[in-house]
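Results of the structural survey
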Amino acid sequence: MSYGDEMNARAKSAERRAEIVRAALEVIAECGYRGASLAAVAERVGLTQQGLLHYFPTKDALLVAVLEERDQWDAVPDSQWRIDLLASLVEYNAMRPAIIQTFSALLGESVTEGHPARDYFTARYARVRASMAGVLRAEYGDRLPNGLTPERTAPLLVAVMDGLQYQWLLDPESVDMPGAFRDFLTLLGDT
């Protein structure tokens, strides 16, 4: 196989993997991780289950790929996050309910012992809390106007973001996720 043929084969393999990840994201959004099957994902992309296993040897490997892909969509270097960008992220999330539904379903399932995404979410939340504390410190210094430190406020900020997502997913007509988040920022002291 020539170098050009090899590069073309790798590009096609990467495209196929991306297609599988997108299909897995849809299936997980519809059924949850435990209810999602490799067969259902394979069917969506026109593969046999054995063919899918060529790209992802286990369901857990596919789950990790889905989570990593989702994180890439929101990737912003920690040093570039600002309070106003968080509000923009909430607005952006309101435009992609399937992604938010998948994330929320996986997050909810991951609290059970032995779930393959538990370690991922535990580590992710540690990183996110630290990142949010940095955002708050950059905006307010060592104390917010309400008297709390950035470290004490960061878990609350993350809880509001995720909690609003759950409420919005359940009743999008009644919950203005971006508006409610902006109201929360007002409580922090950002007018």
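Before reading on, note that the structure itself is shown above.
This text gives an overview of the structure that appears in the document. (Residues numbered from 1 in each chain as written. Predicted model: local features only at pLDDT ≥ 70, side-chain atom pairs only at ≥ 80, totals over all residues. Heavy atoms only, no water.)

Broken down by element type, the protein chain carries 9 helices and 0 strands. Starting at the N terminus and ending at the C terminus, the protein chain contains elements arranged as α-α-α-α-α-α-α-α-α. Its C-alpha atoms give the protein chain principal-axis dimensions of about 65 × 40 × 30 Å. Considering only residue pairs separated by 6 or more positions, the protein chain has 62% of its internal contacts joining residues 24 or more positions apart. (Helix = DSSP H or I, 4+ residues; strand = E, 2+ residues; numbered from the N terminus. Contact = heavy atoms within 4.5 Å.)

A complete count under the given rule lists 2 cavities of 30 Å³ or more for this structure. Counted as a void, the largest cavity has a volume near 60 Å³. Lining the largest cavity are Ala24, Ile28, Tyr33, Ala36, Ser37, Leu38, Val41, Lys59, Leu62 and Leu63. Among the residues forming the lining of the largest cavity, the class breakdown is 8 nonpolar, 1 polar and 1 charged. For the second largest cavity, the calculated volume is near 30 Å³. Put simply, the parts of the chain that give the lining of the second largest cavity at least two residues each are α4 (59-73) and α6 (97-110). (1 Å grid on protein atoms, 1.4 Å probe; cavity = no way out; pocket = protein on both sides within 12 Å on 5 of 7 lines; lining within 4 Å. Points joined across faces, edges and corners; volume = space filled by probe spheres on them. Nonpolar A, V, L, I, M, F, W, Y, C, P; charged D, E, K, R; others polar.)

Turning next to helix α5 (residues 83-93). Of all the residues in α5, the buried ones are Ile83, Leu86, Ala87, Leu89, Val90 and Asn93. Take α5 and look down its axis: the buried residues cluster within an arc of 155°, on one side only. Elements that come into contact with the buried residues of α5 comprise α6, α7 (118-140), α8 (150-170) and α9 (177-188). (Buried < 20%, exposed > 50% of the residue type's maximum accessible area, 1.4 Å probe, protein only. Arc of directions from axis to C-beta.)

Running from N to C, α5 and α8 cross one another at 20°; their axes reach a closest spacing of 11 Å. In terms of their interaxial angle, α5 and α8 are classed as roughly parallel. Crossing handedness for the pair α5 and α8: right-handed. Two secondary-structure elements touch here, α5 through Leu86, Leu89, Val90 and Asn93 and α8 through Leu157, Met161, Gln165 and Trp168. (Axes fitted to C-alpha atoms, helices over the stretch in contact; angles between N-to-C directions. Parallel < 35°, antiparallel > 145°, perpendicular 65-115°, else oblique. Left-handed = near helix turned anticlockwise from the far one by under 90°.)

Right, let's get into the pattern of salt bridges. Going through the model one piece at a time under the given rule, you end up with 7 salt bridges. Close ionic contact of Asp142 with Arg137 constitutes a salt bridge, the shortest N to O distance being 3.0 Å. Using a relative accessible area of 31% as the deciding quantity, one classes Arg137 as partly exposed. (Salt bridge = Lys/Arg side-chain N within 4 Å of Asp/Glu carboxyl O.)

For the rest of this paragraph, the subject is the packing of aromatic side chains. The geometry of two aromatic rings is summed up by the distance between their centres and the angle between their planes. Counting across every chain of the model gives 3 aromatic pairs. Measuring from centroid to centroid gives 5.4 Å for Phe103 and Phe121, while their planes differ by 70°, and the two rings are edge-to-face. Of this pair, Phe103 sits in helix α6 while Phe121 sits in helix α7, and the two are 18 residues apart along the sequence. Accessibility expressed as a relative area gives 3% for Phe103, which makes it buried. (Phe/Tyr/Trp six-rings, centres within 6.5 Å; stacked < 30°, edge-to-face > 60°.)

Right, let's get into the nonpolar core. Counting 54 residues, the largest nonpolar core has Ile20, Val41, Leu62, Leu86, Phe121, Leu136 and Phe181 as the members making the most contacts within it. Contacts of Phe121, omitting those with residues within four sequence positions, involve Leu67, Phe103, Leu106, Leu107 and Ser110. (Core = buried A, V, L, I, M, F, W, Y, C linked by side-chain atoms within 4.5 Å.)

Attention shifts here to the environment of Glu109. In this fold, Glu109 is placed in helix α6. The sequence separation of Glu109 and Ser13 amounts to 96 residues, and the corresponding C-alpha distance is 30 Å. In this structure, Glu109 is in contact with Gly32, Tyr33, Arg34 and His115, ignoring residues within four places of it in sequence.

All we've got here are geometric facts, nothing functional implied.
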